[in-house]
Amino acid sequence: MMAPSGWNKFEGEVGAYDLKWQDMVDSTENIKISSTPVKSTTSSIDVLGDVQSVGESLAKKRNAKLISATERLTEGILFYKFDFAIDDGTHQLLQLCVCKGKVWSLDASAKEKRWDKRQELYENVLGSFMPKLA
C-alpha cells in the first residue's frame, strides 16, 4: 500500500485500528486500516447491500452528507468506496472490502479546509490498498 511519507505510523490500538498514519503537523489528518472477523460464509462486501444504500446508511450514522458511493473489483475483491462531508467539518474517504475472513476498512480524513491538498494523496492510498493475505 502506498502510505504518506513523513507521517507518523502507529501499530494497532485494540478496538480502534490495525495501522494508522498521522500527519506530523495536523493530527486530524490521518489514515487508518482496521479489520474485523466475519462469518466464514461471508465472502464479499455486497452482503451489506448495494453500495448506494450502504453509503446512505453510513452517512446517517456519521451525521454526514454522502458525496459519492462507488464500487470496484480488483483481483477478485469487491471494494466499496464512500466520500463523506461530515457535519463537524471533516472530509472522509472510507473504503470497505471482505477478504480472508475479515471486513477491511480504510479510512482517510482531513478537515474540509485542507481537503483539496489531501484528496489526491488519499485517493492514491485507497486505490493502492490490498488486504493482507495472511
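A few points on the structure. (Residues numbered from 1 in each chain as written. Predicted model: local features only at pLDDT ≥ 70, side-chain atom pairs only at ≥ 80, totals over all residues. Heavy atoms only, no water.)

**As for the sheet that holds strand β4 (residues 64-74)**
By way of backbone hydrogen bonds, the strands of a sheet pair with one another, either parallel or antiparallel.
Right, on to step 1. With antiparallel pairing, the seven strands of this open sheet are ordered in space as β1-β2-β3-β7-β6-β5-β4. Taken across any chain shown, the strands that pair with only one partner, and hence form the sheet edges, are β1 (8-13) and β4. If you compare each strand with its neighbour and ignore which way they point, the axes differ by 15° on average.
Right, on to step 2. As judged from the ten bridges shared by strand β6 (residues 90-99) and strand β7 (residues 102-111), these two strands associate in the antiparallel manner. Bridge pairing in β7 links Q92 to S109. (Pairing = 2+ DSSP bridges. Helix = DSSP H or I, 4+ residues; strand = E, 2+ residues; numbered from the N terminus. Axes fitted to C-alpha atoms, helices over the stretch in contact; angles between N-to-C directions.)

**Structural notes on the pattern of salt bridges**
Right, on to step 1. Across all of its chains, the model carries five salt bridges by this definition.
Right, on to step 2. R118 is paired through a salt bridge with E29; the nearest N and O atoms lie 2.4 Å apart. One end of the pair, R118, is in helix α2 (residues 115-128); the other, E29, is in the loop between β2 (17-22) and β3 (30-37), and 89 residues separate them in sequence. For the pair shown, R118 and E29 are each scored as buried. (Salt bridge = Lys/Arg side-chain N within 4 Å of Asp/Glu carboxyl O. Buried < 20%, exposed > 50% of the residue type's maximum accessible area, 1.4 Å probe, protein only.)

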